[in-house]
Amino acid sequence: MQTQLSQTFKETAQGKAADAILRSCVHCGMCNATCPTYQLLGDERDSPRGRIYLIKQVLEGHTPTQKTQSHLDRCLNCGACESTCPSGVAYSALLDIGRELMQKAQARPLHMRLFRSALVKILTHQRSFASVLTWASKARNFMPKRWREKLPMIRPAGDWPAQTHARRVILLEGCVQAVMGANINAACARVLDAIEVQSIYAPQSACCGSLHAHLDQREAALDLARQNIDAWWPLLQPDASQVLAGAEYIVMTTSGCGVQVKDYGRLLADDQDYAAKAEEISARCLDLAEYLPRFKTGLQNLLKRESSTVASTVPSADSHIRLAWHAPCTLQHGQKIKGNVEQLLSGLGIDLQTCADAQSCCGSAGTYSLFQSEIADQLRDQKLAALDACNADVIVSANLACQAHLQSGTHLPVRHWIEILDQVLTQKRA
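These notes cover the structure that comes with them. (Residues numbered from 1 in each chain as written. Predicted model: local features only at pLDDT ≥ 70, side-chain atom pairs only at ≥ 80, totals over all residues. Heavy atoms only, no water.)

1. Examining the pattern of salt bridges
Close approach of charged atoms allows side chains with opposite charge to pair.
Next, step 1: As enumerated under the stated definition, the model contains 23 salt bridges in all.
Next, step 2: One salt bridge in this structure joins Arg 116 and Asp 216, with 3.4 Å as the shortest N-O distance. Taken together, the residues Arg 116 in helix α8 (residues 110-123) and Asp 216 in the loop between α13 (210-214) and α14 (218-236) connect sequence positions 100 residues apart. Residues Arg 116 and Asp 216 agree in their burial class; the two are buried.
Next, step 3: Between Glu 290 and Lys 262 there is a salt bridge, with its nearest N and O atoms 2.7 Å apart. With Glu 290 in helix α18 (residues 288-291) and Lys 262 in helix α15 (residues 255-262), the pair connects residues that are 28 residues apart, well separated along the chain.
Next, step 4: According to the relative accessible area criterion, Glu 290 is partly exposed, its value standing at 24%.
Next, step 5: Three or more residues are tied together by salt bridges with common partners; here these are Asp 73, Arg 108, Arg 116 and Asp 216. (Salt bridge = Lys/Arg side-chain N within 4 Å of Asp/Glu carboxyl O. Helix = DSSP H or I, 4+ residues; strand = E, 2+ residues; numbered from the N terminus. Buried < 20%, exposed > 50% of the residue type's maximum accessible area, 1.4 Å probe, protein only.)

2. Brief notes about the environment of Ala 269
Next, step 1: Relative to the assigned elements, Ala 269 resides in the loop between α16 (264-267) and α17 (275-283).
Next, step 2: A relative accessible area of 45% means that Ala 269 is categorised as partly exposed.
Next, step 3: Through-space distance from the C-alpha of Ala 269 to that of Gly 181 is 32 Å; in sequence the pair is 88 residues apart.

3. Some words on helix α9 (residues 126-138)
Next, step 1: The first and last C-alpha atoms of α9 sit 18 Å apart over 13 residues, in line with the 18 Å expected at 1.5 Å per residue.
Next, step 2: Within α9 the residues assigned to the buried category are Phe 129, Leu 133 and Ala 136. Angularly, the buried residues of α9 cover 65° about the axis, an arc narrow enough to put them on a single face. Residues Arg 127, Trp 135 and Lys 138 are exposed on α9 and point more than 90 degrees away from its buried face.
Next, step 3: Turning to α9, the residues buried within the fold contact α8 and α11 (176-180). (Expected span 1.5 Å × (residues − 1). Arc of directions from axis to C-beta. Contact = heavy atoms within 4.5 Å.)

4. A short note on helix α21 (residues 340-347)
Residues spaced three or four apart along an α-helix point in a common direction, a consequence of the helix completing one turn every 3.6 residues.
Next, step 1: Looking at α21, one finds that the buried residues are Val 341, Leu 344, Leu 345 and Gly 347. On an axial view of α21, the arc spanned by its buried residues comes to 165°, and they lie on one face.
Next, step 2: Positive phi appears at Gly 349, one or two residues downstream of α21, with a value of about 85°.

5. Quick notes on the sheet that holds strand β6 (residues 352-354)
Pairing between sheet strands relies on hydrogen bonds along the backbone, with the strands arranged either parallel or antiparallel.
Next, step 1: The sheet built from four strands is open, its strands ordered β6-β5-β7-β8 with parallel pairing. In this open sheet, the two strands that pair with only one neighbour each are β6 and β8 (414-416). Neighbour-to-neighbour, the strand axes of this sheet turn through a mean angle of 35°, independent of strand direction.
Next, step 2: Of the strand pairs in this sheet, strand β5 (residues 323-325) and strand β7 (residues 394-397) are connected by three bridges, and their pairing is parallel. If you follow Leu 323 over to β7, its bridge partner there is Val 394. (Pairing = 2+ DSSP bridges. Axes fitted to C-alpha atoms, helices over the stretch in contact; angles between N-to-C directions.)

6. Some remarks on the packing of helix α4 (residues 48-59) against helix α7 (residues 91-105)
Next, step 1: In the contact formed by α4 and α7, the axes pass within 10 Å of each other and the chain directions differ by 45°. With respect to α7, the element α4 is oriented oblique. For the pair α4 and α7, the sense of crossing is left-handed. Counted together, Pro 48, Arg 51, Ile 52, Ile 55, Val 58 and Leu 59 of α4 and Tyr 91, Leu 94, Leu 95, Gly 98 and Leu 101 of α7 form the full contact between these two elements.
Next, step 2: Among the residues making up the contact of α4 with α7, the classes are represented as nine nonpolar, one polar and one charged. (Parallel < 35°, antiparallel > 145°, perpendicular 65-115°, else oblique. Left-handed = near helix turned anticlockwise from the far one by under 90°. Nonpolar A, V, L, I, M, F, W, Y, C, P; charged D, E, K, R; others polar.)

7. Looking at the pairing of strand β1 (residues 168-171)
Next, step 1: Here β1 shows a buried face lined by Arg 168 and Ile 170 and a second buried face lined by Val 169 and Leu 171.
Next, step 2: Bridging between β1 and strand β2 (residues 198-200) involves three bridges; their strand directions are parallel. If you follow Arg 168 over to β2, its bridge partner there is Gln 198.
Next, step 3: Pairing of β1 with strand β3 (residues 250-252), which is carried by two bridges, proceeds in the parallel orientation.

8. What about the nonpolar core?
Next, step 1: Residues Leu 292, Leu 299, Trp 325, Trp 417, Ile 418 and Leu 421 are the most contacted members of the largest nonpolar core, which totals 56 residues.
Next, step 2: With six residues, the single largest contributor to this core is helix α25 (residues 417-429).
Next, step 3: Ignoring sequence-local partners within four residues, the contact set of Leu 299 consists of Val 191, Ile 195, Leu 292, Leu 344, Leu 348, Leu 421 and Leu 425. (Core = buried A, V, L, I, M, F, W, Y, C linked by side-chain atoms within 4.5 Å.)

9. Details of the sheet that holds strand β4 (residues 285-287)
Next, step 1: Reading across from one edge, β2-β1-β3-β4 is the order of the four strands in this open sheet, with parallel pairing throughout. Edge positions in the open sheet fall to β2 and β4, since each of these has one partner strand only. Taken over all neighbouring pairs, the strand axes of this sheet differ in orientation by 40° on average, direction set aside.

Just geometry here; none of it tells us what the structure is for.
Here it is as structure tokens:
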């Protein structure tokens, strides 16, 4: 694609990065075939190719409008287009640039700015979020049905293993997950403990920064990345004087956080103080779906069976349950991890089914379902229809936001896959 960037952007680092991405696009349109919003809305401006042109126009000096902003806002940033693109266009990086330019050129209405700012403060502070959820849960019966459906249920975490092991990994406590899905990390810690791996938290770590990035607070997201790097760095070093030092990896149980942390190297590439450490942190970050399969043989030995049924504590009419697998976009497109969970669980004798159109987005996309609820709900219902065709008892995923969004549209339990594996190991030990 030919470009003629305006002098305002031509010599800037941001402009040069955008120009390289734009020039890699051959505007073939193959991305449109897998774009959820284009498939729903049929508007070229709500497709990756269309949004690329809109960003290109801004970089070439055209004045953007609120309508331009709305088309960029309607992008899920699911990454399906990047998985499809034959030219390897870094669309997500270009979208980040485009949204930042829009933020500077076209201020959002005051009420939206206030709402977005308040949302970040509530969601990323555990005590505030827990208080809001507690209050909302008490008022659930008095809420409109639409709000009631969106309100997540809080489940207790269960016991955290007390044993110490020579091999250890760092988990991210996070913000939203620490309140809504505390059992995910606890279940992960119990499973890892069973194969003699200790899970630890870095006391000074914080939100991964993805929510801030989604809500126009890029500098705050970068500050959180620096804070996490400072918190994790000492624990990754082989320092005998530090009790919890020598961790092998940072293991992510929520794929959305994993995408963000794996991107620290790119996000802080121009920061002289943090660039090298950020690159190393990104390299040492693994999704649980990458890390746990390394211990498949050990897990099989623990279960002492090649294939089995699963007696579940999840309500079910039978002692055997069937799971329907939803692969989050942040796992399959963002991190390019496909098939790991399916192969691991199936290899452990768990009945896991994949649904039709598995590469499509469920509509959650972080905070997207809050701001673009009509589109998000349509995508959710399409995804649930495909999952329902699996005739499963439980839906499993690998991202908390996807779990909450899917749960708002179905009566089937929606769980993280590590919770199911934890159940299996717990029942085997009982």
